[in-house]
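Architecture and fold: a report
Given next are the chains, with one letter for each unit.
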Amino acid sequence: MTVLARTFYRARRQATEWWGLIVVVAFAYLMAMGQFSAKRLWAGDLLVLTGLAIYAATLGRAVMRELGPVAGEAPRRRGGARGAVEAAHEIELGLLLVTGAYILIVATGGLGSFLYPLIYALVSFLLIVNKRRWVAGIWLAATCMLEVLVGYASGRAGLEGHWGTVAIHLIYLMFFAAGNLLVLSSLARRLRGQHAESVSAELARVRQEASDFRLIASQLPLASRAVRSREEEELRMAQGAVHAVHEQLFFTIDLLCVSLDLHTAALLWVENDDEERRPGERVDPRKTPRLVIKEMATASEMVRDNPMIEAPGVLAAVLRDPKPLRLKSLGGRRVPPYYQGPEAITDLCAVPLTDGKVVRGFLCADRIDDRPFTDQEQSALDKAASQCLRIIEQERAFAAVERGKYEQEQFYCASELLNQALTLDDVYAKTFAALSAMAPYELAVITRHDAGAGIHEVIAVRCHDQLDQQGLSERDVKHWRALAEHLDGGRFRDGACLVSMAIKNRHHMPATGDYPDTSVAVFDPKAKLDKARSVLVLPLVRGEQVLGTVTLVSSRAKAYPPAAREMLRVISHQVGVSLQNARMYQSMEQRATTDGLTGLTNHRAFQERLEHLHALAERTGQKFSIILTDIDHFKSVNDTYGHPVGDAVLKRVAAIFTQHARKVDIVARYGGEEFVLVLPDTDGEGAAVFANRLREEIAAQTMTSDNGSFSVTLSLGVAEYPGDGLERHALIERADQALYYCKEHGRNRVTKVCDLP
């Protein structure tokens, strides 16, 4: 009954997946025979009802798949496989909609149906929403094919002039298709592109202003997605901060404009303000920084629409010597650079905004009524400039607190991930996941150090999961992946490389995280990191022992600032602890599941693995075989040659079993001189052939001892699932009976359960 139920389930599932064959065959057959019409729709043709039922179920499934994942559906694939599956789903949904529309057309009168405009509307809709042009071509070809089938059915029904009507319909279909492909589809794509560009530009503007105001770390790249979660969190925090800064700055400048009766008050920011500029230091004209209008309160209509100021104009003197500047009696001949046309400016006052020794910007005020600025008004401008800096500093402090909170949360999550890791592979995976959340990298490498031999071994290497989405060229992506393949599993000796220096000094290398000289070896001198600009090698310290290193490599300069280096240093200690714990866990698990003498699976672990294999076989109907064996006259071997020689015999036999077994086979010491082998997906005949090969191999071995050489033989019993039993304990018992039969009939032989008398 179980087999029948499983067969029925598979047939039902395949029938729902093969909707196309059933529906199209039924539809084409009925139209060709002229039987699919409004009069006979409910007449009871079983094929029609079956096709329509499957069609309705499949259409619902396709729509739900497009709206969201279907319950029980397999996880979406990645890469090219995922694209192929999505394309197949897109084709399926379009064909279902087209087929459904033609079913309605035929059911309501065929070529003369009043619903024919539905076909043109559906073609227009599908050709607009398609993601791939070739998919749209398949939809259009299917529509034309169904149109021809409708014409053929109409001809069999005796309708005159049907092919002329079909031709007209096809011409209209091509007209709508061409119109949508050439006009609406292109327009939709252009609108999508413009929307994406506007969103990207707005995010870039917010991030640039946040960087100008020092609200987020300037080291994070604008277009990079290497640290996507960190970048998104930075932008989320910066958006609110930038908005708050602009509101307060505008309020201050507008209040200043009203109180001093100004024509324009403007806050200008120095774009490349990362360079320190000391008072009195001359600036190379070729390196004169650009100014950016951050806020402005004005009564003029001639101010710039573009906030970027290419040339400083009358403010060049302030850039050269950042001191307050007052100009009078300008007469409109010279205007500040934040105007784009002539303006009758008579007086100008500009005061610098300095953050320590760095000039961040200027607060400018001008008038048009020949009223020079007094010392008291200049002092008011100085105080307003200081207030602007305090506003930015307050938001910067708040953003720093938020950023610190986020980084601490990431640090906590990384520590929690590492604490949950039990196996070495789990530690490697969680280490890379933690590092990607805390710092950018193109390549991450974990090495193990053998202090006695002076050898470093690369035990795990990983390119970033989103390497192809970081704005890197295809050539650079291939370079990093090729480098990862070269390093994977590599070994190199101690020497003049950063990994050796980090272990020797028990400190991260390089000290600043920068990698300006690519000739300095990080790992093996043959592994050149020509595209690296930042490297951080962190020693994995556990107590007084250095277990190895974690190395991060990035193509961006200054990728690891001091705060990031400190957190990564603490994480590296946690990784060292997790590695040590995983190795201890692995050792304990190995001792708990492995026979100490032979290195094979012990009896308890064998029973657990056999239970899992038996449960899998019950679900899938897969066969497997059990071989139970022991060494003939083993007691006499111990009595004659001694127990140490007997142990050596057991080890030799276990080694031969392991050598000949597949990776999926279970080889275990059952007890004493008895061994058991489980061969998945193998019937009794195949297991008997394998058992005879083992028997011959053991018999050909020559054992040595102080009392001379000797040889041993095996007796083996074979039982097959499900032919020789359905329960695992019954199978072992039957195999034991076959083994006992071998003992009673001469030993050194193989007996299958099915051959027992």
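Keep in mind the model is a prediction, meaning the values are calculated, not measured.

So, on to the pattern of salt bridges. Applying the stated criterion across every chain yields a total of 21 salt bridges. In this structure, Asp665 engages Arg662 in a salt bridge whose closest nitrogen and oxygen atoms are separated by 2.8 Å. The exposure class assigned to Asp665 is buried, which follows from its relative accessible area of 7%. Residue classification places Arg662 among the partly exposed positions, given a relative accessible area of 40%. A salt bridge links Arg695 to Glu696; the nearest nitrogen and oxygen atoms lie 4.0 Å apart.

In this section: a nonpolar patch on the surface. Taken together, the side chains of Val148, Tyr152 and Trp163 present a nonpolar region at the surface, about 290 Å² in accessible area. Along the polypeptide, Val148 turns up in helix H6 (residues 133–156). Its relative accessible area of 36% is what places Val148 among the partly exposed residues.

When two helices pack together, their arrangement is given by the angle between the helix axes and the distance between those axes. Where helix H16 (residues 634–641) contacts helix H17 (residues 643–660), the two axes come as close as 7 Å, and the packing angle between them is 135 degrees. On the basis of the axis angle, H16 is oblique to H17. Counting all contacts with H16, which are made through Phe634, Val637, Asn638 and Tyr641, the residues of H17 involved are His643, Val645, Gly646, Val649 and Leu650. Here the residues of the contact of H16 with H17 sort into six nonpolar, three polar and no charged.

A few words now on the sheet that holds strand S7 (residues 443–450). Strand pairs in the sheet, formed through backbone hydrogen bonds, run parallel or antiparallel to each other. Taking strand neighbours across the sheet as the criterion, the five strands line up as S9-S8-S7-S11-S10 in an open arrangement whose pairing is antiparallel. Each of the sheet's edge strands pairs with one partner strand only, and the pair in question is strand S9 (491–493) and strand S10 (534–542). Averaged over neighbouring strand pairs, the angle between their axes works out to 25 degrees when direction is ignored. Here three bridges tie strand S8 (residues 455–463) to S9, and the two strands are oriented antiparallel to one another. Residue pairing for S9: His456 is matched across the bridge by Phe492. Helix H14 (residues 562–593) rests against S7, S8, S10 and strand S11 (545–554) of the sheet, and its axis sits at about 45 degrees to S10.

Our next topic: unusual backbone geometry. Between Met509 and the following residue, Pro510, the backbone shows a cis peptide bond with an omega angle of -15 degrees. Mapped onto the elements of the fold, Pro510 is located in the loop between helix H13 (498–505) and S10. Residue Pro722 follows Tyr721 across a cis peptide bond; omega there is 5 degrees. Structurally, Pro722 can be placed in the loop between strand S15 (714–721) and helix H19 (728–744). Despite not being glycine, Asp261 has its phi angle at roughly 55 degrees, a positive value.

Here the focus is the side chain of Glu377. Looking at where Glu377 falls in the secondary structure, it is placed in helix H10 (residues 375–420). With near-sequence residues (within four places) excluded, Glu377 lies in contact with Leu260, Arg367 and Pro372.

Take Asp530: it is sitting in the loop between H13 and S10. When the C-alpha atoms of Asp530 and Ser519 are compared, they prove to be 8.2 Å apart, with eleven residues separating the residues in sequence.

Pairing within the open sheet is mixed, and its five strands lie in the order S13-S14-S12-S15-S16. Here the strands that pair on one side only, and so sit at the sheet edges, are strand S13 (666–671) and strand S16 (750–752). When the angles between neighbouring strand axes are averaged without regard to direction, this sheet yields 20 degrees. Against the sheet, H17 touches strand S12 (624–631), S13, strand S14 (674–680) and S15, its axis set at about 5 degrees to S14.

About the criteria used
Residues numbered from 1 in each chain as written. Predicted model: local features only at pLDDT ≥ 70, side-chain atom pairs only at ≥ 80, totals over all residues. Heavy atoms only, no water. Salt bridge = Lys/Arg side-chain N within 4 Å of Asp/Glu carboxyl O. Buried < 20%, exposed > 50% of the residue type's maximum accessible area, 1.4 Å probe, protein only. Patch = residues over 30% accessible without salt bridge, like charges linked within 9 Å, V, L, I, M, F, W, Y side chains within 5 Å. Areas by Shrake-Rupley, 256 points an atom, 1.4 Å probe, with all protein chains shown as cover. Helix = DSSP H or I, 4+ residues; strand = E, 2+ residues; numbered from the N terminus. Axes fitted to C-alpha atoms, helices over the stretch in contact; angles between N-to-C directions. Parallel < 35°, antiparallel > 145°, perpendicular 65-115°, else oblique. Contact = heavy atoms within 4.5 Å. Nonpolar A, V, L, I, M, F, W, Y, C, P; charged D, E, K, R; others polar. Pairing = 2+ DSSP bridges.

Purely geometric stuff here, so don't read any function into it on its own.
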